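Given next are the chains, with one letter for each unit.
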Amino acid sequence: MVHRALLAALAILGASTISLAQQPELSVTEIAPGLFVHHGVTELMTRQNDGAIANVGFIIGDNAVAVVDTGGSVREGRQLLAAIRARTAKPIRYVINTHGHPDHVFGNAAFSNDGITFVGHRNLPRALATHGPFYIDAFRRTMGDELIDEVRLVPPTLLVDGSLKLDLGSRSLALRAWPAAHSDNDLTVLDEKTGTLFAGDLVFLDHTPVLDGNLHGWLSAIGELSAVPALRVVPGHGPVSGWPAGLADERRYLETLASDIRALIGRGEQIRAAADTAAATERSHWQLFDDFNARNATAAFSEIEWE
Amino acid sequence: MFGLHFRLLCVAGVLSGITGATLVQAAGPDAYDPWPLLAQDIFENRPMNDGAGVIAIEMPYRAEDAAIVPVTLRTLLPLDDSRRVLRITLVIDQNPAPMAAKFELGPEARVSEISTRVRVNNYTDVHAVAELSDGKLYMTKTYVKASGGCSAPAAKNADEAKNRLGQMRYRQFAKPGQGPVSGFREAQIMIGHPNNSGLQMDQVTQLYIPAFFVNELRLWQDDSLVLAVEGGISISEDPNIRFTYVSNGAKRFRAEAKDTEGHLFQHEWKIDDSGI
Ligand SMILES: [Zn+2]
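Residues numbered from 1 in each chain as written. Chains lettered and ligands numbered in written order. Predicted model: local features only at pLDDT ≥ 70, side-chain atom pairs only at ≥ 80, totals over all residues. Heavy atoms only, no water.

This part covers the overall build of chain B. Looking only at helices and strands, one finds three helices and 15 strands in chain B. In chain B, the share of contacts with a sequence separation of at least 24, taken over all contacts with a separation of at least 6, comes to 68%. In the form shown here, chain B has an accessible surface area of approximately 11,700 Å², with 53% of it arising from carbon and sulfur atoms. (Helix = DSSP H or I, 4+ residues; strand = E, 2+ residues; numbered from the N terminus. Contact = heavy atoms within 4.5 Å. Areas by Shrake-Rupley, 256 points an atom, 1.4 Å probe, with all protein chains shown as cover.)

In this section: empty space enclosed by the protein. One pass over the full model with this rule turns up eight cavities of 30 Å³ or more. Of the voids in this model, the largest cavity is the one considered here, and its volume is about 330 Å³. Lining the largest cavity we find 22 residues, and of these A:S302, B:I68, B:R164, B:E237 and B:D238 sit closest to its centre. For the lining of the largest cavity, the leading source of residues is helix α8 (residues 289-304) of chain A, giving three residues. Of the residues contributing to the lining of the largest cavity, the split by class is seven nonpolar, six polar and nine charged. (1 Å grid on protein atoms, 1.4 Å probe; cavity = no way out; pocket = protein on both sides within 12 Å on 5 of 7 lines; lining within 4 Å. Points joined across faces, edges and corners; volume = space filled by probe spheres on them. Nonpolar A, V, L, I, M, F, W, Y, C, P; charged D, E, K, R; others polar.)

We now examine the sheet that holds strand β9 (residues 172-177) of chain A. Residues and elements named next belong to chain A. Judged by pairing direction, the sheet is mixed, and its six strands sit side by side in the order β8-β9-β10-β11-β12-β13 without closing on themselves. At either end of the open sheet lies a strand with only one pairing partner, and these are β8 (163-167) and β13 (241-242). As defined by bridge partners, strand β12 (residues 232-237) adjoins β13 across two bridges and the pair is classed as antiparallel. Its bridge partner being in β13, R232 is matched across the sheet by G242. Contacts from helix α5 (residues 215-225) reach β9, β10 (187-191) and β11 (196-204), with the element oriented near 160° to β11. (Pairing = 2+ DSSP bridges. Axes fitted to C-alpha atoms, helices over the stretch in contact; angles between N-to-C directions.)

So, on to the pairing of strand β11 (residues 214-221) of chain B. Sheet faces and side chains relate simply in a regular strand, where the side chains alternate between the two faces. Residue and element names in this part refer to chain B. Bridge count between β11 and strand β14 (residues 252-259): seven bridges; the pairing is antiparallel. Bridge pairing links R218 to E256 in β14. Relative to strand β12 (residues 224-231), β11 is paired through six bridges, and the arrangement is antiparallel. Within β12, the position partnered with L219 by the bridge is L227.

Across the contact, 46 residues belong to chain B and 40 residues belong to chain A. Scanning the region where chain B abuts chain A turns up three salt bridges. As a salt-bridge pair, B:R117 and A:E305 come within 2.8 Å of each other at their nearest N and O atoms. Among the secondary structure elements, those contributing two or more residues to the side of chain B that touches chain A are β6 (113-118), α3 (158-163), β9 (168-173), β10 (184-191) and β13 (240-246) of chain B. The element that contributes the greatest number of residues to the side of chain B that touches chain A is β10(B), accounting for four residues. (Salt bridge = Lys/Arg side-chain N within 4 Å of Asp/Glu carboxyl O.)

This part covers the coordination of the zinc ion. Residue and element names in this part refer to chain A. Coordination of the zinc ion by the protein involves H99 (NE2), H101 (ND1), H182 (NE2) and D201 (OD), with metal-donor separations of 2.1 to 2.2 Å. Taken together, the four donor atoms coordinating the zinc ion span angles of 88 to 168° at the metal, a pattern that classifies the geometry as irregular. One chain supplies every donor for the zinc ion, spaced along it as H-x1-H-x80-H-x18-D. On the criterion of sequence distance, the pair formed by H99 in the loop between β5 (92-96) and α3 (102-105) and D201 in strand β11 is long-range, its members being 102 residues apart. (Donors = N, O, S within 2.8 Å, 3.2 Å for Na, K, Ca; no water. Tetrahedral: all angles 85-135°; square planar, octahedral: opposite > 155°, others 65-115°.)

So, about the domain arrangement of chain A. All names here are of chain A. Per the domain assignment, the segments making up chain A are domain 1 (2-224 + 234-242) and domain 2 (244-307). Summarising the inter-unit geometry, the C-alpha centres of domain 1 and domain 2 are found 28 Å apart. Across the contact, 22 residues belong to domain 1 and 25 residues belong to domain 2. Summed over both sides, the interface between domain 1 and domain 2 buries roughly 2,100 Å², with carbon and sulfur atoms accounting for 65% of that surface. Contact with domain 2 buries surface across domain 1, with T208, L215 and I222 losing the most and accounting together for 28% of the total. Counting across the interface, domain 1 meets domain 2 through one salt bridge. With its nearest N and O atoms 3.1 Å apart, the salt bridge here joins D212 to R295. Connecting domain 1 to domain 2 are 12 residue pairs in polar contact (both at pLDDT 80 or more). (Domains from an automatic or database assignment. Buried area = accessible area lost by both parts, 1.4 Å probe. Polar contact = N/O pair within 3.5 Å; in protein donor to acceptor, adjacent residues only side chain to side chain.)

When the charged atoms of two side chains lie near each other, side chains of opposite charge can form a pair. Under the counting rule described, the total for this entry stands at 40 salt bridges over all chains. Ionic pairing is found between A:D191 and A:R171, a salt bridge with its closest N-O pair at 2.7 Å. Here A:R171 lies in the loop between β8 and β9 and A:D191 lies in strand β10, a separation of 20 residues in the sequence. Take A:D191 and A:R171: they sit in the same class, and that class is buried. One salt-bridge network, held together by shared partners, links B:D222, B:D223, B:R252, B:R254 and B:E268. (Buried < 20%, exposed > 50% of the residue type's maximum accessible area, 1.4 Å probe, protein only.)

Dropping the structure here:
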C-alpha cells in the first residue's frame with residue numbers, strides 16, 4: 001500500500017512539475033525571512049487583472065510550506081504555486097483561507113490535488129455554501145467564462161474555532177478565528193518567528209474597507225487585534241505596514257461610519273439616506289470609495305437599527 | 001423550456017405558501033423577459049393599466065448590497081379620488097421567487113407610502129401592481145442592476161440572524177410640518193428573522209437548507225387593520241417595513257407575524273399621543 005501511494009504521489013508530482021513548467025510566476029516579495037507576499041492591485045476583480053486584487057502569500061518552514069489565500073482566479077492560484085515552486089521544493093502542507101471572499105479563495109482549485117490540507121474558520125464551509133454560487137455568477141460578468149469556469153469552491157477540512165497552532169518545522173503559525181467582523185468567517189495568521197500578521201480583510205489600507213459581517217464586531221476585533229504582538233501586518237488589501245499603526249485609518253473610517261449612521265437613525269432618516277451621506281468625510285482617504293461606501297452604509301444601517 | 005417551467009413552479013410555490021426548498025438558482029439573466037408569464041400567473045391575465053398617477057416605485061438604480069435593497073412604494077391617487085388602493089403586489093422579475101410581497105392596505109388607514117428592503121439576485125425589472133377599488137390593475141416598473149463585488153443576497157452574520165428570531169420593534173417618526181392634529185403618522189416595524197431563502201445547499205448534508213421566512217404580517221391600530229403583508233423569500237433578513245397611515249385615535253399598535261415553520265410572533269405597543 002505504501003509503495004502504491006508513493007508511486008501515486010510521484011506521478012502527481014511529475015504531472016504538476018510538467019504543467020508548472022509553462023506557468024508564469026506571480027510576482028512576490030520576501031518581506032521577512034522565508035515569508036513572501038504578492039501585493040494585489042487596488043481594483044475590482046476583472047478579466048484584465050485575473051482577479052489578483054488581494055494580498056496573498058506563503059511561509060516556508062524547515063519541513064513544509066503554508067499558503068495564505070490563493071487569489072481571485074485559478075490562474076492566479078497556479079501562478080502563486082509556480083512562485084512557490086521556484087523558491088522551495090518543500091511540500092505545501094497547508095492552504096489557509098483568511099475568509100470566503102472570492103478574491104481570497106477562487107484560486108483554491110490550483111492547490112486541491114496534492115494532498116494539501118485546507119484550513120479555515122469554522123464558519124467558512126457555511127459561507128462558501130451560502131455565498132459561493134452567487135460569487136461565481138456575479139464574477140462571470142466581470143471576469144468572463146474562461147477564468148470562472150475552472151473555479152471550484154474548495155471548503156476547508158481543518159476548521160479553526162478559537163485558536164490553532166500549525167507547525168511548519170521550527171516555524172509555528174498561530175491561527176485565530178474571530179467573531180463576525182469583516183465577514184462572519186475571518187481568520188488571522190501570525191508567523192511567530194518573524195512577527196508578521198496576515199490579517200486577511202480584518203485590515204484594509206488604501207482600499208475602502210468592505211463590511212460584510214458585523215460593524216460592531218469589527219470595531220471590537222480591531223481593539224483586540226491591536227494587542228497582537230506583531231511587528232508588521234500583511235493586510236488583505238493595501239501595503240505591508242507597521243503594527244499596530246496599520247489599523248489607524250481603518251478604525252477611523254469604521255468609527256465615522258458607525259457614528260454617522262447612528263445620527264441618521266436618531267433623526268429618523270431612511271436607509272437610502274445612509275447610502276448617500278454616511279462617512280462622506282472619508283472619501284478623500286480611500287480608493288474605490290464609490291464602489292463600497294454606499295454598500296457599507298446600507299449594511300451598517302440595518303445592523304445599527306437593532307442596537 | 002426548462003427555464004419557463006421552473007419559473008412557473010417558483011411563482012406557484014410562493015403564492016400557495018409552499019416553501020422554496022428545492023429551488024435552484026434561475027439561469028441566464030437576460031435570456032428572456034419573464035414578465036408576460038409572471039403577469040399571467042400572478043394576476044391571471046387581467047388587463048394591466050398604466051400606473052402613472054396611481055402608483056410609483058423607487059429603488060436605487062444599482063443594488064449596493066444584494067441582500068438589502070431599499071424599495072419604496074407610493075400611492076399617488078389624489079385625496080378626492082373616489083377610488084382606493086386595495087393592494088399592491090411587488091414582483092422582482094429575475095429573482096428565484098419573483099413575487100416578493102403583497103401589501104393589503106387597511107380600509108380606513110389611508111396608507112400612502114410603504115418602504116421595505118428586498119434581495120436582488122440579478123439585473124432585473126421590478127414591477128409594482130396596484131389593485132384599486134374599481135377592480136382594475138395599475139402597473140409601474142423600475143430597473144435595478146445587481147450589485148458587484150463580494151455582496152450576495154444571503155446572511156452576513158448567520159449566527160446573529162438566528163439569535164434575533166422573533167424580536168419585534170416598533171418606531172414612530174415625526175413628520176416635519178405635520179403635527180399630531182392631522183392624524184398623519186409614519187411608523188416602522190422590524191421583525192428579527194433570518195428570512196432564509198432556502199436556496200443554498202448544506203455543505204455537510206448535501207441537502208437544500210429549507211426556506212424559513214415570514215410569510216404573513218398584520219398590523220393594526222386598536223382593531224382596525226393598517227397593513228397586511230404576504231411575504232416571500234425576496235424580503236431581506238429581519239423584515240423591516242416603514243409606512244405612513246392616518247391615526248384613528250387608537251392608543252395601541254399591534255403586530256402579528258407568522259413564519260413558514262408555524263411560529264407566531266405577537267407584540268403590541270402604546271401609541272404616544274404626540275405621534276412621535
Ligand atoms: Zn473580504
